[in-house]
Amino acid sequence: MKKPLYVYDDSLLKYRFNSTHPFNQMRLKMTTDLLQAAGFLSEEHIIKPREATDEELLLVHKKDFLEAVRAAGDGALPEEKMESYGLNTDDTPSFQGMHEKSRMLVGATLTAVDAVMEGKADKAASLSGGLHHGFSGRASGFCVYNDSAVAIEYMRRNYGKRVMYVDTDAHHGDGVQWIFYDSREVMTYSIHETGRYLFPGTGSLTERGAGDGFGFCVNLPVDAFTEDQSFMSIFKESLEAAIIKFKPDVILSQNGVDAHYRDPMTHLSLTSASFEEIPRFVCEMADKYTEGKWIAVGGGGYNIWQVVPRMWAQVWLAMTGKEPPRGRLPQKYMDKYTPKCPVDFPSEWADDTHDYQEIPRRRDITEKNESSLNRVILHIES
């Protein structure tokens with residue numbers, strides 16, 4: 001078994017809209033520091049990213065959109081043209097060097113892809129990526145270029161692979177879904193908070209693909225305040241059923257951790273128990289069905305102090321075959337970040353759930369989620 005690889009370089013931290021925007025790549029630095037301080041990530045596992053080329057971005061993005069992003073990042077795109085490209089909005093403000101800094105995240109994911117496809121590793125993590133809301137011709141929801149979609153099309157074109165896309169972010173993976181909505185060479189799977197309450201408002205059970213791609217799009221919307229047991233139960237059953245039907249060559253998983261109960265932007269109620277289990281189950285599926293080929297990217301996660309580093313660390317630990325650690329976080333890590341933290345900084349690997357609020361509608365939520373699961377299974381098997 002080849003050692004997994006971890007794509008990282010400080011250049012990936014430069015994707016930053018402004019100092020108050022909730023999308024903060026410092027979470028990537030904190031995750032890397034945590035893994036290194038704990039002795040779980042050594043230099044031999046780290047590979048540096050490359051920039052994606054324009055040709056690679058054009059695998060899924062439109063040429064005029066690339067030109068608009070480049071111009072907006074240089075301060076040269078007229079204000080009246082911004083909106084049509086989803087730029088300079090509250091969610092996705094323009095920033096200096098936007099094209100160059102955005103394509104770096106795409107290049108990082110492609111670095112992970114090439115490592116796996118060329119046989120240098122069975123598994124690779126590129127946690128700077130996971131920008132699943134980007135459309136072919138428009139930025140959306142904190143996402144400029146859609147690294148996952150580019151990576152999927154890159155694997156399909158360059159390596160002839162059937163790709164299973166697995167998205168466990170609290171927000172529906174709309175950008176990736178619509179780009180491949182009519183393709184039977186890619187299956188998109190998204191389990192997410194129902195769009196009745198949350199951006200982007202899509203991802204219903206009835207979105208199943210179109211044309212040749214009908215049946216190759218799987219959505220499992222869960223009710224607000226869904227907790228660990230309900231989420232994991234329906235996730236495992238539906239994902240394995242989808243994989244069995246599709247027979248992929250490789251899995252690319254998006255690992256947003258904004259379904260955590262402490263995330264400020266969503267309404268789900270998962271704890272660290274789920275985020276320990278999710279990547280280990282995806283790893284199990286890869287080992288069972290794709291000869292171990294698994295590429296993991298990041299995604300949402302907006303409580304960068306209390307949640308993201310510990311949850312994302314579990315993705316790498318799953319790749320390296322390590323059980324979830326217990327006990328205190330490394331002192332070196334806590335000494336570095338506790339003084340900077342504006343809230344109570346965690347001291348343990350697992351959640352201290354003293355602030356977890358019990359779900360009064362738990363039975364109703366569970367029943368509703370199981371009903372959705374039954375419909376999804378019928379869709380998959382039909």
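Let me sum up the structure you'll find in this document. Note that this is a predicted model, so its numbers are computed, not measured. (Residues numbered from 1 in each chain as written. Predicted model: local features only at pLDDT ≥ 70, side-chain atom pairs only at ≥ 80, totals over all residues. Heavy atoms only, no water.)

## Some points on the overall build of the protein
- When helices and strands are tallied, the protein shows 12 helices and 8 strands.
- In terms of overall size, the protein behaves like a compact globule, its C-alpha atoms giving a radius of gyration of 19 Å where 382 residues would be expected to give roughly 21 Å.
- For the protein, the C-alpha atoms occupy an extent of roughly 55 × 50 × 45 Å along the three principal directions.
- When the 382 residues of the protein are sorted by exposure, 62% land in the buried category.
- Counted over contacts in the protein with a minimum sequence separation of 6, partners at least 24 positions apart contribute 78%.
- Between the averaged position of the 43 positive side-chain charges in the protein and that of its 56 negative side-chain charges there is a distance of 3 Å. (Helix = DSSP H or I, 4+ residues; strand = E, 2+ residues; numbered from the N terminus. Rg over C-alpha atoms; globule rule 2.2 N^0.38 Å. Buried < 20%, exposed > 50% of the residue type's maximum accessible area, 1.4 Å probe, protein only. Contact = heavy atoms within 4.5 Å. Lys, Arg positive; Asp, Glu negative; His and termini not counted. Charge placed at Lys NZ, Arg CZ, Asp CG, Glu CD.)

## Quick word on the packing of aromatic side chains
- By the definition in use, this model includes 20 aromatic pairs.
- With 5.7 Å between their ring centres and 40° between their planes, Tyr333 and Phe345 make a pair best called tilted. Here the residue Tyr333 occupies a position in helix H11 (residues 331–337), and Phe345 occupies one in the loop between H11 and helix H12 (362–381), the gap between them amounting to 12 residues.
- We classify Phe345 as buried; its relative accessible area is 14%.
- An aromatic cluster is defined as three or more aromatic residues linked by ring pairs; in this entry it consists of Tyr15, Phe17, Phe23, Phe95, Phe142 and Tyr302.
- Against the face of Phe246 rests Arg162, its NZ or CZ located 4.1 Å from the ring centre.
- Above the face of the Phe216 ring, Lys245 is positioned so that its terminal group lies 5.7 Å from the ring centre. (Phe/Tyr/Trp six-rings, centres within 6.5 Å; stacked < 30°, edge-to-face > 60°. Lys NZ or Arg CZ within 6 Å of the ring centre and 35° of its normal.)

## Some points on the pairing of strand E5 (residues 186–193)
- Most of E5 sits inside the fold, with 8 of its 8 residues counted as buried.
- Between strand E4 (residues 163–167) and its parallel partner E5, the chain crosses via helix H7 (residues 174–179), and the hand of that crossover is right-handed.
- As defined by bridge partners, E5 adjoins strand E6 (residues 217–222) across 6 bridges and the pair is classed as parallel. Bridge pairing links Glu193 to Val222 in E6. (Right-handed = clockwise from strand over helix to strand, strands pointing away. Pairing = 2+ DSSP bridges.)

## Some remarks on the environment of Arg184
- For Arg184, the position within the fold is in the loop between H7 and E5.
- Arg184 sits in the partly exposed class, given a relative accessible area of 42%.
- As for Arg184 and Arg375, which are separated by 191 residues in sequence, their C-alpha atoms are 21 Å apart.
- If sequence neighbours within four positions are ignored, Arg184 has contacts with Arg162, Asp212, Gly213, Phe216 and Phe246.

## A look at helix H9 (residues 272–289)
- Taking 1.5 Å per residue as the helical rise, H9 with its 18 residues ought to reach 26 Å, and the 26 Å between its terminal C-alpha atoms agrees with that figure.
- Restricting attention to buried positions, one finds in H9 the residues Ser272, Ser274, Phe275, Glu276, Ile278, Pro279, Arg280, Phe281, Val282, Cys283, Met285 and Ala286.
- Check the buried side of H9 and you find it contacts strand E3 (123–126), helix H8 (228–246), strand E7 (250–254), strand E8 (294–297) and helix H10 (308–319).
- Immediately downstream of H9, the backbone of Glu291 shows phi near 55°, a positive value. (Expected span 1.5 Å × (residues − 1).)

## Some remarks on the nonpolar core
- Membership of the largest hydrophobic core comes to 121 residues, with the highest contact counts inside it found for Tyr6, Leu87, Met164, Tyr189, Phe235, Leu239 and Trp294.
- The element best represented in this core is helix H5 (residues 98–117), accounting for 10 residues. (Core = buried A, V, L, I, M, F, W, Y, C linked by side-chain atoms within 4.5 Å.)

## Let's talk about the side chain of Ser183
- Mapped onto the secondary structure, Ser183 falls in the loop between H7 and E5.
- According to the relative accessible area criterion, Ser183 is buried, its value standing at 13%.
- Of the polar contacts made by the side chain of Ser183, one reaches the backbone nitrogen of Glu185; its length is 3.1 Å. (Polar contact = N/O pair within 3.5 Å; in protein donor to acceptor, adjacent residues only side chain to side chain.)

## A short note on the sheet that holds strand E2 (residues 46–47)
- On the basis of which strands lie adjacent, the open sheet formed by 8 strands has the order E2-E1-E3-E8-E7-E4-E5-E6 and parallel pairing. Strands at the two margins of the open sheet, each flanked by one partner only, are E2 and E6.
- When E7 meets E8, the two strands line up parallel, connected through 4 bridges. Bridging across to E8, Leu252 finds its partner in Ile295.

## Regarding unusual backbone geometry
- A cis amide bond links Phe199 to the next residue, Pro200, at an omega of 5°.
- Checked against the element boundaries, Pro200 lands in the loop between E5 and E6.
- Positive phi values are uncommon outside glycine, yet Lys247 reaches one of about 55°.
- Relative to the assigned elements, Lys247 resides in the loop between H8 and E7.

## Points about the packing of H8 against H12
- Remark: H8 packs on H12, axes separated minimally by 10 Å, with the N-to-C direction vectors making an angle of 0°. As summarised for this structure, H8 and H12 are arranged roughly parallel, according to the angle between their axes. On the side of H8, the interface is formed by Gln229, Ser230, Ile234, Glu237, Ser238, Ala241, Ala242 and Lys245, while H12 contributes Arg362, Thr366, Asn369, Glu370, Leu373, Val376, Ile377, His379 and Ile380.
- Its residues assigned to classes, the contact of H8 with H12 shows 7 nonpolar, 6 polar and 4 charged. (Axes fitted to C-alpha atoms, helices over the stretch in contact; angles between N-to-C directions. Parallel < 35°, antiparallel > 145°, perpendicular 65-115°, else oblique. Nonpolar A, V, L, I, M, F, W, Y, C, P; charged D, E, K, R; others polar.)

## A word on the pairing of E8
- Burial along E8 is two-sided: the face carrying Trp294 and Ala296 and the face carrying Ile295 and Val297 are both buried.
- For E3 and E8, the ladder comprises 4 bridges, and the chain directions are parallel. Bridge assignment links Lys123 to a residue of E8, and that residue is Trp294.
- Running through H9, the crossover from E7 to the neighbouring parallel element E8 is right-handed.

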